[in-house]
Number of protein chains: 2
Amino acid sequence: MKKHNFSAGPCILPEEVLNKASQAILNFNNNNLSLIEISHRSEPFINVMNEAKSLVRELLNIPTGYSILFLQGGASLEFLMTPYNLLSLNGTCGYINTGIWSKKAIHEAKSIGTTLIIADSSDKNYSYIPENINSQEQLDYLHYTSNNTIYGTQFKDYPKTDSILVCDMSSDIFSKKIDVSKFGLIYAGAQKNMGPAGTTLVIVKDNILGRTGRKIPTMLDYTTHINKDSMFNTPPVFSIYVSMLTLKWLKGKGGVEYIEQINNQKAQKLYEEIDRNVLFKGLVKDKDRSNMNVTFKLNNKELESVFDSLCKTVGINGLKGHRSVGGYRASLYNALPLKSVEVLVKTMQNLEKNNK
Amino acid sequence: MKKHNFSAGPCILPEEVLNKASQAILNFNNNNLSLIEISHRSEPFINVMNEAKSLVRELLNIPTGYSILFLQGGASLEFLMTPYNLLSLNGTCGYINTGIWSKKAIHEAKSIGTTLIIADSSDKNYSYIPENINSQEQLDYLHYTSNNTIYGTQFKDYPKTDSILVCDMSSDIFSKKIDVSKFGLIYAGAQKNMGPAGTTLVIVKDNILGRTGRKIPTMLDYTTHINKDSMFNTPPVFSIYVSMLTLKWLKGKGGVEYIEQINNQKAQKLYEEIDRNVLFKGLVKDKDRSNMNVTFKLNNKELESVFDSLCKTVGINGLKGHRSVGGYRASLYNALPLKSVEVLVKTMQNLEKNNK
């Protein structure tokens, strides 16, 4: 039985992408060599890298003046690279704290220089997005996390600021239209809407680099990777290839505009059921609800084991909430079909029927 | 036609490993989910990580007191992590310079603290390994590169030192027996004898850490990754899985002792032909010749195009020398069958027959 995969990440990828990736492991481009046993400096892989970059540029409608990089180390290494590359020696940076990932980013920035918390939703276990953020401070940059996977909150608008805007978009990039021109730096671990774990997408405005007066270690310097076209050292070949396939799939579907509509439908359907069904309750402020990660719980904890086994029966996978929040979390990333949401909704209704 | 893949890295992997990896992309462990769409915190992947670590421990006969990590960023990030973790605030570290990779490691160490060059073979374009290295200096550690992929040189013995010994073994780990107890830190990018690009193996002696007095950024601190069992952040799932498969294959073959014999045979056969054949010449000092990367050239450059097309005819791939050295380079990593070397030798003999 094919699973309904609601995993929060690494997460579901399109079936046709998995088929092509599987084939490329055996024989890439009909060249009788595996994708993972060719030189990253060979033409076939350079073509993959170029196609991946050009798909990113096209799908997100990226203006000129921005570089696109595929790096390693996940968002966690970007937490360090951001202040290294953008925080000047005597400067100040600002962060919006909307959860564990923001906190980790803040921790790294503090180890590099002066770091202000501009807004914070920790008082209610990050169950909302701070309102009316309007940072007036003189900041080298303002950093936020667009979607908070663990809690199920999501920014519906860009924070207002005169500073360079930096965003960790790991869990909602490519899920909806964004205006890249508003940002100095965007980064995202691949393992949600882009591909398998192992590579990090970085979109950086070239003219914000080289201004800090800071000595940056080679591998942490965006300029190193820009100058070498993400091939300063051996790139994570497989992860970049599968990301390219996934972006191609997205383009074929109709791009970000199309998938945003489907993602809205999926989220709406599930939130409607959570609000309608007397057994369930959403966990975050209505207007800040994420379209990617839907968090909810059973009002009666004793029904959990019944619901869990109903879910198992129909092939639902990865619905357990994060340990710091509890309850359930349904991740509705791009590759998750509407059908899977319908199966989940039906299962919630069946539970209600038998337990009114 | 199946290729004879002499690529310097990413390089040939065992066929049965490629078959299993391809299958796991479609359906991992018969669970109807792809390997690359499950949570890294799920039991199936935790089992993969544990098996990979235990295979490393067994194959290299690692004593207690060492941690085994699977990280990201390649050897290039280890160049930075090494001094961060091991060079004390007012201390000195030593490096043996045997090529471009050593030089890059030295560059990063210099950006962190006082760095001495203990020995150096740059005077003859790194065509030999410096002799009688016996570092008496008070060093926090002594670093060397065990095999120099670009030039085709390899250390046949461990440098003598009273300091902590650190080694970049990216291109010869798992190719021969080593005595891990002689080392404080060993690291290796996966993409030669271990698996696909995208993960880095680190073997570190626990009691050498935490001594520098240095503040280390979270992601660059080995202790972070030791404490979280290489899962501080999302690990490169696919690269670790395929590394595990490759190590399992090696164990099935008879382990490092067995493969060392085969590797010796392969190298001997090719070096014998280089020395015998009047058209060819080896590029490095005889006693320092690498068993992993065999560098050689044609005495008559005009024969290159003839030789290249002969190679192409029989399916030989990846034989071009590195641009800084020229000529040819045959990489004889673990997964390359003896048969491929025989085909190469035969091709060299055919060239000689027609061009005496």
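Residues numbered from 1 in each chain as written. Chains lettered and ligands numbered in written order. Predicted model: local features only at pLDDT ≥ 70, side-chain atom pairs only at ≥ 80, totals over all residues. Heavy atoms only, no water.

Undergrad: So what's going on with the sheet that holds strand β13 (residues 280-282) of chain A? Which residues, and what values?
TA: Residue and element names in this part refer to chain A. With antiparallel pairing, 3 strands are arranged side by side in an open sheet as β13-β14-β16. Across the chains shown, the open sheet's two edge strands, defined by having one partner strand only, are β13 and β16 (328-331). Direction aside, the axes of adjacent strands within the sheet are offset by 35° on average. For β13 and strand β14 (residues 293-298), the ladder comprises 3 bridges, and the chain directions are antiparallel. Residue pairing across strands places Lys281 opposite Lys297, the latter belonging to β14. Lying on the sheet, helix α7 (residues 255-276) is in contact with β13, β14 and β16; it crosses β14 at an angle near 20°. (Pairing = 2+ DSSP bridges. Helix = DSSP H or I, 4+ residues; strand = E, 2+ residues; numbered from the N terminus. Axes fitted to C-alpha atoms, helices over the stretch in contact; angles between N-to-C directions. Contact = heavy atoms within 4.5 Å.)

Undergrad: Tell me about the relation of the copies chain A and chain B, residues and numbers included.
TA: For the pair chain A and chain B, the relating rotation is 180°, the translation along its axis is 0.0 Å, and the fit reaches an RMSD of 0.0 Å. These values place the two chain copies in the arrangement generated by a two-fold rotation axis. Measuring from the rotation axis to each C-alpha of chain A, the shortest distance belongs to A:Ser22, at 2.2 Å. Here 100% of the contact residues of chain A are again contact residues in chain B; the copies associate through an equivalent surface. (Least-squares fit on C-alpha atoms with pLDDT ≥ 70 in both.)

Undergrad: Hey, could you go over the confidence of the model for chain A for me, with residue numbers and the actual values?
TA: In the predicted model, chain A carries a mean pLDDT of 97, and the fraction of residues at 70 or more is 100%. For this predicted complex, the interface confidence reaches an ipTM of 0.97, while the overall pTM sits at 0.97. (pLDDT = per-residue confidence, 0-100.)

Undergrad: So what's going on with the pairing of strand β14 (residues 293-298) of chain B? Which residues, and what values?
TA: Within a regular strand, the side chains alternate between the two sheet faces. Residues and elements named next belong to chain B. Summarising burial for β14: 5 of the 6 residues are buried, a large majority. Sheet topology places β14 next to strand β16 (residues 328-331); 4 bridges connect them, and they run antiparallel. Along β16, the bridge assignment pairs Asn293 with Ser331. (Buried < 20%, exposed > 50% of the residue type's maximum accessible area, 1.4 Å probe, protein only.)

Undergrad: Account for the interface of chain A and chain B, with residues named and values stated.
TA: In this assembly, 54 residues from chain A lie in contact with 54 residues from chain B. Across the chain A/chain B interface, buried area totals approximately 4,400 Å², and carbon plus sulfur atoms make up 56% of it. Considering only the surface of chain A that becomes buried against chain B, A:Pro10, A:Ile36 and A:Glu37 emerge as the three largest contributors, covering 14% of it. One can count 0 salt bridges joining chain A with chain B. The interface formed by chain A and chain B includes 18 residue pairs in polar contact (both at pLDDT 80 or more). Contributions of two or more residues to the side of chain A that touches chain B are made by α1 (15-26), α3 (74-86), α4 (100-112) and α6 (237-253) of chain A. It is α1(A) that provides the largest number of residues to the side of chain A that touches chain B, a total of 6 residues. When the residues that make up the side of chain A that touches chain B are grouped by side-chain class, the tally is 26 nonpolar, 22 polar and 6 charged. (Buried area = accessible area lost by both parts, 1.4 Å probe. Salt bridge = Lys/Arg side-chain N within 4 Å of Asp/Glu carboxyl O. Polar contact = N/O pair within 3.5 Å; in protein donor to acceptor, adjacent residues only side chain to side chain. Nonpolar A, V, L, I, M, F, W, Y, C, P; charged D, E, K, R; others polar.)

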